[in-house]
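# A look at the structure
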Amino acid sequence: MLRESDISDFLYSRYSVIFFALIAIITTNFAMNSGEVIPILDNKGLGLTTANNWIAFGKSSMVFSIILNLAIAGVLIYLNKMYNVLRNPTVIFAGLFLVLQMPFPDLTGQVYGGTILCITILACAFILFSTYSNPNRRAIFLIFTILSIGTFFQYAFLFYLPVMIIGCMQMRILDLKTAIAATMGLVTPPWILLGFGYITLDSIAFPEFSSIFAKLSTGEAWQMLVSIGLSVFVCIGAWAANLVRIISYNAQTRAYNGFFAMVSLVSVLFMLTDFTNYIIYVPLLNCCTAIQLGHLFTIYQSRRSYLGIVTVVTIYFGLYLWALAV
């Protein structure tokens, strides 16, 4: 007979991540085969080919997108393993990220800038966390070089440059040498691209602002807005519930959690202010929400904590079905 403890043990194990990965593959493939995935027309780069044009829309793009989403889940697990961000070796948040992505088959069914932004910020966080109280200017140079390159593919990368500066403050490494390393990382990519003729000043095109609502029906727009709004609400609520426990952690762990809290906040703010480009921030928002939820369920883990996880999965699967229906 299946016991509550068995369900809870499964959901907190690595097998649940495998299970949710299979669900993500099946649901994304079904949406693609049902014609529910529409091409994303992202023209918001600053001179280089945007991510949605790297691979032609279709099965190949979907497969690569699924791989990227699974890679994000894997990086989350490795990040927590290396830096103990959640003060627990749990992997539940990786599976929850894949669940939170389910209501957005348009975004998971093809390669686009939002998925690239999400995995890039995670990679930069991984590098940044290694510098806590141990200034490594080459690491800082690398972070800002990566983000600078990203801005030529999708201008939203530009908005996370100040986030990384604040992250340096949180890691207690911000000084003149760090600022110089960041500046050099920022200017090196455009210098090389201009110097080798990959771009010219005339070819740097500012993005054309157009709303995704021009491509979506009213029902699709409402489904996406409700799904995003729910992720924002869950992220803020889970963070507030985790705050008392986070405050009790040591300074280093507080810095790591503070960084992700800041990324969550600015992603929501950018989504509201850069509303014609809001889909770019969705995977990163869901990533931060999954971290907060994973932290919440780990802190309050009990025999019946599985009910909260099942509730989240059920709601987001319902939103996925809504996406197919509209």
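Our structure's up above, just so we're on the same page.
Structure report, in brief. (Residues numbered from 1 in each chain as written. Predicted model: local features only at pLDDT ≥ 70, side-chain atom pairs only at ≥ 80, totals over all residues. Heavy atoms only, no water.)

### Here's the deal with the packing of aromatic side chains
Scanning all chains against the criterion turns up 17 aromatic pairs. Ring centres of F159 and F270 lie 5.1 Å apart, and the angle between their planes is 45 degrees; on these two criteria the pair is classed as tilted. Taken together, the residues F159 in the loop between α7 (137-151) and α8 (161-170) and F270 in helix α11 (residues 251-273) connect sequence positions 111 residues apart. Under the relative-accessibility criterion, F159 is labelled partly exposed at 26%. Residue F270 is classed as buried on the basis of its relative accessible area of 17%. (Phe/Tyr/Trp six-rings, centres within 6.5 Å; stacked < 30°, edge-to-face > 60°. Helix = DSSP H or I, 4+ residues; strand = E, 2+ residues; numbered from the N terminus. Buried < 20%, exposed > 50% of the residue type's maximum accessible area, 1.4 Å probe, protein only.)

### Some words on helix α10 (residues 218-247)
For α10, which comprises 30 residues, the first-to-last C-alpha distance of 43 Å matches the rise-based estimate of 44 Å (1.5 Å per residue) to within 8%. Of all the bends found along α10, the most pronounced is centred on A241 and spans about 35 degrees. (Expected span 1.5 Å × (residues − 1). Bend = angle between axes of the 7 residues up to and from the residue.)

### Notes on the pattern of salt bridges
Tallied over the full model, the rule gives one salt bridge. Residues D175 and R137 are paired through a salt bridge, measuring 2.6 Å at the closest nitrogen-oxygen approach. Within this pair, whereas D175 is found in the loop between α8 and α9 (176-195), its partner R137 is found in helix α7, the two being separated by 38 residues in sequence. On the basis of relative accessible area, D175 is assigned to the partly exposed category, the value being 33%. (Salt bridge = Lys/Arg side-chain N within 4 Å of Asp/Glu carboxyl O.)

### Some points on the nonpolar core
Counting residues in each nonpolar core, the largest one holds 98 residues, and the members touching the most others are F129, Y160 and F259. Apart from the residues within four sequence positions on either side, F259 is in contact with A125, L128, F129, V163, M164, G167 and Q170. By size, the runner-up hydrophobic cluster in this structure holds five residues, among which are L46, Y155, L193 and I199. (Core = buried A, V, L, I, M, F, W, Y, C linked by side-chain atoms within 4.5 Å. Contact = heavy atoms within 4.5 Å.)

### Some words on the environment of F141
Mapped onto the secondary structure, F141 falls in helix α7. In this structure F141 touches A181, M184, G185 and T188, once residues within four positions along its chain are discounted.

### Let's talk about a nonpolar patch on the surface
Taken together, F10, Y15, I18, F19, L22, I25 and I26 make up a surface patch of nonpolar side chains, about 690 Å² in accessible area. Element by element, the count of residues in the nonpolar patch is highest for helix α2 (residues 14-33), at six residues. Structurally, F10 can be placed in helix α1 (residues 4-11). Classification of F10 as partly exposed rests on a relative accessible area of 34%. (Patch = residues over 30% accessible without salt bridge, like charges linked within 9 Å, V, L, I, M, F, W, Y side chains within 5 Å. Areas by Shrake-Rupley, 256 points an atom, 1.4 Å probe, with all protein chains shown as cover.)

### Thoughts on the packing of helix α6 (residues 113-129) against α8
The axes of two packed helices give the description: the angle between them and the distance between them. Across the interface, α6 lies against α8 with an axial gap of 11 Å and an inter-helix angle of 25 degrees. With respect to α8, the element α6 is oriented roughly parallel. For the pair α6 and α8, the crossing hand works out as right-handed. Taken together, the residues of α8 that come into contact with α6 (itself represented by I121, C124 and L128) are M164, G167 and C168. The residue inventory of the contact of α6 with α8, partitioned by class, reads five nonpolar, one polar and no charged. (Axes fitted to C-alpha atoms, helices over the stretch in contact; angles between N-to-C directions. Parallel < 35°, antiparallel > 145°, perpendicular 65-115°, else oblique. Left-handed = near helix turned anticlockwise from the far one by under 90°. Nonpolar A, V, L, I, M, F, W, Y, C, P; charged D, E, K, R; others polar.)

### Observations concerning α7
Across its 15 residues, α7 extends 21 Å between first and last C-alpha, which sits within 8% of the 21 Å expected from 1.5 Å per residue. Residues of α7 that are buried make contact with α6, α8 and α9. For α7, the N-terminal capping position is held by N136, with its side-chain oxygen 3.2 Å away from the main-chain nitrogen of R138. (Polar contact = N/O pair within 3.5 Å; in protein donor to acceptor, adjacent residues only side chain to side chain.)

### A closer look at the environment of V326
With respect to the element layout, V326 can be found in the segment after α13 (306-325). Each C-alpha atom, one on V326 and one on T218, is 8.7 Å from the other, the two residues being 108 residues apart in sequence. Non-local contacts of V326, meaning those with residues more than four positions away in its chain, are made with E36, G219, E220 and Q223.

### Topic: the side chain of S305
Within the secondary structure, S305 sits in the loop between α12 (282-299) and α13. Note on S305: relative accessible area 8%, which makes it buried. Within polar-contact distance, the side chain of S305 engages the side chain of Y12 at 2.9 Å. With residues near it in sequence (within four places) discarded, S305 still touches S8, Y12, F297 and Y300.

### Brief notes about the state of the cysteines
By the definition in use, this model includes zero disulfides. Free of any disulfide, C118 has its nearest cysteine sulfur in C287, 4.2 Å distant. For C118, a relative accessible area of 0% puts it in the buried group. (Disulfide = S-S within 2.5 Å.)

### What about the packing of helix α3 (residues 59-83) against α6?
Two elements in contact, α3 and α6, have axes whose closest approach is 10 Å; the angle formed by their N-to-C orientations is 15 degrees. Relative to α6, the element α3 lies roughly parallel. Of the two possible hands of crossing, α3 and α6 adopt the one that is left-handed. Along its contact with α3, which presents L68, N69, A71, I72, V75, L76, Y78, L79, M82 and Y83, the element α6 presents T115, I116, C118, I119, L122, F126 and F129. Classifying every residue of the contact of α3 with α6 by side-chain character gives 15 nonpolar, two polar and no charged.

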